[in-house]
Amino acid sequence: MARGPSDPCCHLWDGALRSPKEPLCFPTLAGLSPGLQSSLSPWTSAGPWRDWAEPSGTMVGLKPSEVPPTTAVKFLGAGTAACFADLFTFPLDTAKVRLQIQGENQAAHVAQSIHYRGVLGTILTMVRTEGPRSPYNGLVAGLQRQMSFASIRIGLYDSVKQFYTPKGSDRCTTGAMAVTCAQPTDVVKVRFQASVQLGARSDRKYSGTMDAYRTIAREEGVRGLWKGTLPNVTRNAIVNCGEMVTYDIIKEKLLDYHLFTDNFPCHFVSAFGAGFCATVVASPVDVVKTRYMNSPLGQYRSPLDCMLKMVAQEGPTAFYKGFTPSFLRLGSWNVVMFVTYEQLKRALMKVQMLRESPF
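Below is a summary of the structure that appears in this document. Keep in mind it's a predicted model, so treat the numbers as computed, not measured.

What follows deals with the packing of helix H2 (residues 71-101) against helix H10 (residues 264-294). Relative to each other, H2 and H10 sit at 85°, their axes nearing to 9 Å. On the basis of their axis angle, the class for H2 and H10 is roughly perpendicular. Contacts between H2 and H10 involve Lys-96, Val-97, Gln-100 and Ile-101 from the first element and Asp-286, Val-287, Thr-290, Arg-291 and Asn-294 from the second. Taken together, the residues of the contact of H2 with H10 sort by class into 3 nonpolar, 3 polar and 3 charged.

Moving on: the packing of aromatic side chains. Scanning the entire structure with this criterion turns up 9 aromatic pairs. With a centroid separation of 4.0 Å and an interplanar angle of 10°, the aromatic rings of Tyr-247 and Phe-338 are classed as stacked. Pair noted here: Tyr-247 is in helix H9 (residues 229-256) and Phe-338 is in helix H12 (residues 323-356), with a separation of 91 residues, a long-range link. Each member of the pair, Tyr-247 together with Phe-338, is buried. Ring plane angle 40° and centroid distance 6.0 Å describe the contact between Phe-264 and Phe-268, whose orientation is recorded as tilted. In this pair, Phe-264 and Phe-268 are both assigned in helix H10, 4 residues apart and thus about one turn of the helix distant. Using a relative accessible area of 46% as the deciding quantity, one classes Phe-264 as partly exposed. On the accessibility criterion, Phe-268 (37% relative accessible area) is partly exposed. An aromatic cluster is built from Phe-264, Phe-268, Phe-272, Phe-276 and Phe-327, whose rings are joined through pairwise contacts. Cation over ring: Lys-345 sits above Tyr-341, and NZ or CZ is 4.6 Å from the ring centre.

Moving on, we get to the environment of Leu-124. Among the structural elements, Leu-124 can be located in helix H4 (residues 119-130). Separated by 29 residues in sequence, Leu-124 and Ala-95 have C-alpha atoms that sit 9.8 Å apart.

The rules behind each value
Residues numbered from 1 in each chain as written. Predicted model: local features only at pLDDT ≥ 70, side-chain atom pairs only at ≥ 80, totals over all residues. Heavy atoms only, no water. Axes fitted to C-alpha atoms, helices over the stretch in contact; angles between N-to-C directions. Helix = DSSP H or I, 4+ residues; strand = E, 2+ residues; numbered from the N terminus. Parallel < 35°, antiparallel > 145°, perpendicular 65-115°, else oblique. Contact = heavy atoms within 4.5 Å. Nonpolar A, V, L, I, M, F, W, Y, C, P; charged D, E, K, R; others polar. Phe/Tyr/Trp six-rings, centres within 6.5 Å; stacked < 30°, edge-to-face > 60°. Buried < 20%, exposed > 50% of the residue type's maximum accessible area, 1.4 Å probe, protein only. Lys NZ or Arg CZ within 6 Å of the ring centre and 35° of its normal.

Shown next, in the form of structure tokens:
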């Protein structure tokens, strides 16, 4: 059948027959009507037009930013970007932990003369009383945590998303998987951050990160390394739903309404908004998680017991202890992580395309 001017595909085809090695006349469906995209998508993804791709499966003429990143690229990129973000925001995380445990009975015997006030005040007090390296206590365990935790939680997010219809269930799954794998590193990180080093009055029990793993396993059993898994799974499920979903929604709306293009300002606004939403909903569980993970054997019977004692002794406002550093940390962490992640994905895909290119 001859194609006429009224044919919606007429402007896409120049009438020439193509060999399998020649580029497509329409490498992308962007700009077409939704109905036309739907009718053409089987041909471009699984039909005859699939043969017009390079041997690597990458459409000819596409830029690295337009090529969907592989699972390996997302996995490695997410872990690396999260470690980079941790290096910048770790002092805020340590300040958050100190403020969250402030007021607990078990810490009073060491820190009875120390009182932290605000984000900057907490960090300055730590530097003055414990030295300039104190805000980075537990950094090694923190980087270990991000390399295992973020790689699964964020790197596998798109892969797991394909198995779910209700939006949000995929985030809970990747969060639970990540916590299960990374829980020992989180326990060690929190204990290093919470330990006060005041010379002879230091309550630090571990000489190093590996010694911490061995000591906890010896004194509390292997289960001690997974202490607080339930509140941590709950907290990260909430953070995932509040963070990843919000990031997707904000970024999608900014692009749909043409307020931004897919670049740094868009990633910045989306990440900061996602961090605020996640902090608001996750802070109560985060405080319980931190206290329970840091508690010595026998102090709390369960996370629920920890929560009830905290409310009875300090009131409901205790649920939002450390809110400001938590928000600043999560917001800035999101900005650094997501911006770095987006750039790393593009860079890694460019390297992969160059390696697979026959020229």
